[in-house]
Structures are given as structure tokens and as C-alpha cells.
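Secondary and tertiary structure notes
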Amino acid sequence: MAPSLPPPPIPDTPIHAVEIETPNQDVPVLGELLATLDIPPQAVSSYENLETGKGVTFLLCDTPAEQAAARSQAEALLAQWGGQFLSAPPLAIREREIQREDWAESWKKYFHPFRASRRVVIKPSWEEYSAAPGDLLLEIDPGMCFGTGSHGTTRGCLEFLDDLADDANPRRPRSLIDAGCGSGILSLAALPLGYGPVFAFDYDPQAILVTRENFQRGGVTPEQVDLRQGDVHDLSAPFAADLVLANILAPILLEARENLLKMVRPGGLLVLSGILTSQYPHLREAFLPLGLEELETRTLAEWTSGLFRRQEA
């Protein structure tokens, strides 16, 4: 097993953010529109406030110049496509300077315990929860990266992960690759469900830092999960897995589909998530010719996740 990466330092410079406020229902679609811009996908983050019905999407930049460019690109994109895809014009577009250590604290207003699948319950470290018999309680602090488990794409993965962990099934998957691990929530859920070995990776060094912190909080060791920073387009996984969870934006899934397929053993399973329901048919048609069979789909809110089996060798 390769040695773990040392924790990347958190810069002491502030985040220069573009903040776009919309109704909650437009947050997922806005995220997909912004993914078409010439900015890193990890620079887009969002939350939905169930109390006010208003969501906020952030474009996270390192410098004021990048911030100004990102705002200009976003405004041009919304002028061209917003009326076609969003239910209403954005409520506000503004620039903000955010201290990096304050970013994680802002999540505390919106993140509360909830049931993510049949057995998995997710809670933040700052709240108490009385687990019922059979519950698997996961403690997650999302930090700066996306991944509380409440989003439809992550919940779809968690539901598949939970349902597939049936020891009565002789073909149940064991080895797992968590592609685009975010906060590490899927790997954390996989271990008590009986998966292993587990390999997890993400392109964003901040995601690796937050995942490592969540692993340490949960008592997860490097021997249980091999965690690395890497790009799904060209990363070489240490093994081909029984199950690969790919909770990644649809455009990246399409670009990286051939390398992603190499991570799945012949006869193994692949979950594709991070996909708007309107995008799913196109993505499915791009993956099926690679030797995959679609087994099941799940739709939560505007998001659809698909379970596929790779053909035997």
C-alpha cells in the first residue's frame, strides 16, 4: 500500500468568492451550468437553506482578479442560459471575502442529523443523536468540500452501498473504489457495512485534508482505506474493484469514462452519480458501449444515479 499523503496546509489568505443566491430548486441546475465554465470543478460549492427556501452557490477563487473573472463568466452564462434552465433570475450576485477557517464553521447552520439510507445515519460532530438498533452512525464534518450526504447524488450512492451489502448474496461486492471522495463519507459508510479493501481519491487537496480528518475522527486507519490525491482522468488505481462509486459531475464522468472503467473488475459494479436527471440518458448511452449493463436507477430530487455491471472477461 502506498504511503498516505502528508496533510496539505491551509493557506492563510482569504477566499475571494462569488456568491449567487437562488431559490433552492435552482441550486442543482445552477451547479451544472457553472460546471461548463473554465474554472476548476472543486471551485463550485453550494448549500440549500430549508428554512428560508433560498440556496447559495459559491465560486471560490484565490485572488481578486480570479474573482472578477469568475463573476463576469457567471453573469454572461446566466444571461445566455439562465432563462431557459432556472425557474427565476438569481436573487443576488455578489462578491465576498471569506476567511478559510470560517468557511467550515458556516456549515453548522445547515447541517443536522438525518437518515441517508436504510441503516446509515449521518450527524455532525457538534450535535447529539440517539441511534436506533441496527443504525450505523457516521460523524461527518464537511469542512470546505462538498459532502454531507444530504445531496441527492451522495444519498443515491449511500443507498446503493447499503443495499448491495447483503451477506446472503454470494456475489455481493467487497473491494471498493471511492472516486471523487469529497469528505470521505462513502468510504466511512462502506467500512461498517463490510467492504474492503477500500481505495479513495479526490482531485482536490482540500477534500483529501477533510477526508483524512473525518477518518481520524472515525478511527479509520491507512490500512483500512488507501487515500490519495489524484485525477480520475488518468489515475491508476491499485486494484480493479468489485464496486466503484463515481460521484462526480457528469461532464467529468463522460471525459474520464474509459479510465473509470479500468477501475472496475470484469463482472464488477459501477455506480455513476452526480448526474442531473435530464443528463442521465446521454450519459448512459455513452457508457453502455464500453461493455456495461444497466441494472437499476434511483432518482432523488433532480438527480439520478445508475448502477451498472461490467461484462465478464
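The sections below set out a description of the structure shown in this document. A quick note: this is a predicted structure, and the numbers were derived from the prediction, not measured. (Residues numbered from 1 in each chain as written. Predicted model: local features only at pLDDT ≥ 70, side-chain atom pairs only at ≥ 80, totals over all residues. Heavy atoms only, no water.)

1. Examining the overall build of the protein chain
Condition: Numbering goes from the N terminus for both helices and strands, where a helix is a DSSP run of H or I of at least four residues and a strand is a run of E of at least two. Contacts are assigned to residue pairs with any non-hydrogen atoms lying within 4.5 Å of each other. Per-residue and other accessible areas follow the Shrake-Rupley method at a 1.4 Å probe size, with only the shown protein chains counted as cover for residues.
If you tally the helices and strands in the protein chain, you get nine helices and 14 strands. Contacts in the protein chain between residues far apart in sequence, at least 24 positions, make up 69% of those at least 6 positions apart. Carbon and sulfur atoms make up 51% of the accessible area of the protein chain, which totals about 14000 Å².

2. Some details on the pattern of salt bridges
We apply this condition: A pairing counts as a salt bridge when a side-chain nitrogen of Lys or Arg comes within 4 Å of a carboxyl oxygen of Asp or Glu. Between buried and exposed lies partly exposed: a residue is buried under 20% and exposed over 50% of the maximum accessible area for its type, with that area taken using a 1.4 Å probe on protein chains only.
Overall, the coordinates contain 19 salt bridges when judged by the stated rule. A salt bridge links Arg 119 to Asp 162, with the nearest nitrogen and oxygen atoms 2.7 Å apart. In this pair, Arg 119 sits in the loop between strand S5 (114–115) and strand S6 (120–123) while Asp 162 sits in helix H4 (residues 152–164), placing the two residues 43 residues apart along the sequence. Note on Arg 119: relative accessible area 23%, which makes it partly exposed. A salt bridge links Arg 298 to Asp 163; its shortest N-O distance comes to 2.6 Å. With a gap of 135 residues between them, Arg 298 in strand S13 (residues 292–300) and Asp 163 in helix H4 connect regions that are remote in the sequence. For Arg 298, a relative accessible area of 17% puts it in the buried group. Residue Asp 163 is classed as partly exposed on the basis of its relative accessible area, which comes to 36%. Salt bridges sharing common partners tie together Arg 118, Arg 119, Glu 159, Asp 162, Asp 163, Glu 296 and Arg 298.

3. Considerations on the environment of Arg 71
Note on placement: Arg 71 falls in helix H2 (residues 64–85). Residue classification places Arg 71 among the partly exposed residues on the basis of a relative accessible area of 24%. As a C-alpha pair, Arg 71 and Val 18 span 53 residues in sequence and 6.1 Å in three-dimensional space.

4. Details of the sheet that holds strand S3 (residues 54–61)
This is how the line gets drawn: In this description, strands pair whenever DSSP reports at least two bridges between them. Note on geometry: axes are lines fitted to C-alpha atoms, helical ones only across the stretch in contact, with angles between N-to-C directions running from 0 to 180 degrees.
Taken in spatial order, the four strands make up an open sheet running S2-S3-S1-S4, and their pairing is antiparallel. Sheet topology places strand S2 (44–48) and strand S4 (92–98) at the edges, where each strand pairs with a single neighbour. For this sheet the average axis-to-axis angle between neighbouring strands, irrespective of direction, equals 25 degrees. Relative to S3, S2 is paired through five bridges, and the arrangement is antiparallel. What sits directly across from Ser 46, in S3, is Thr 57. Across the sheet, helix H1 (residues 27–34) touches strand S1 (15–23), S2 and S3, and the angle it forms with S3 is around 20 degrees.

5. Here's the deal with helix H6 (residues 205–217)
Worth spelling out the cut-off: Under the convention used throughout, the expected extent of a helix is 1.5 Å for every residue step, that is, one less than its residue count.
In this model H6 runs 19 Å from its N-terminal to its C-terminal C-alpha over 13 residues, within 8% of the 18 Å that 1.5 Å per residue would give. Of the positions making up H6, those classed as buried are Gln 206, Ala 207, Ile 208, Leu 209, Val 210, Thr 211, Arg 212, Asn 214 and Phe 215. Looking at the buried positions of H6, the neighbouring elements they touch are strand S7 (136–139), helix H5 (185–190), strand S9 (198–202) and strand S10 (225–229). Once H6 finishes, Gly 219 follows within two positions and takes phi at roughly 75 degrees, a positive value.

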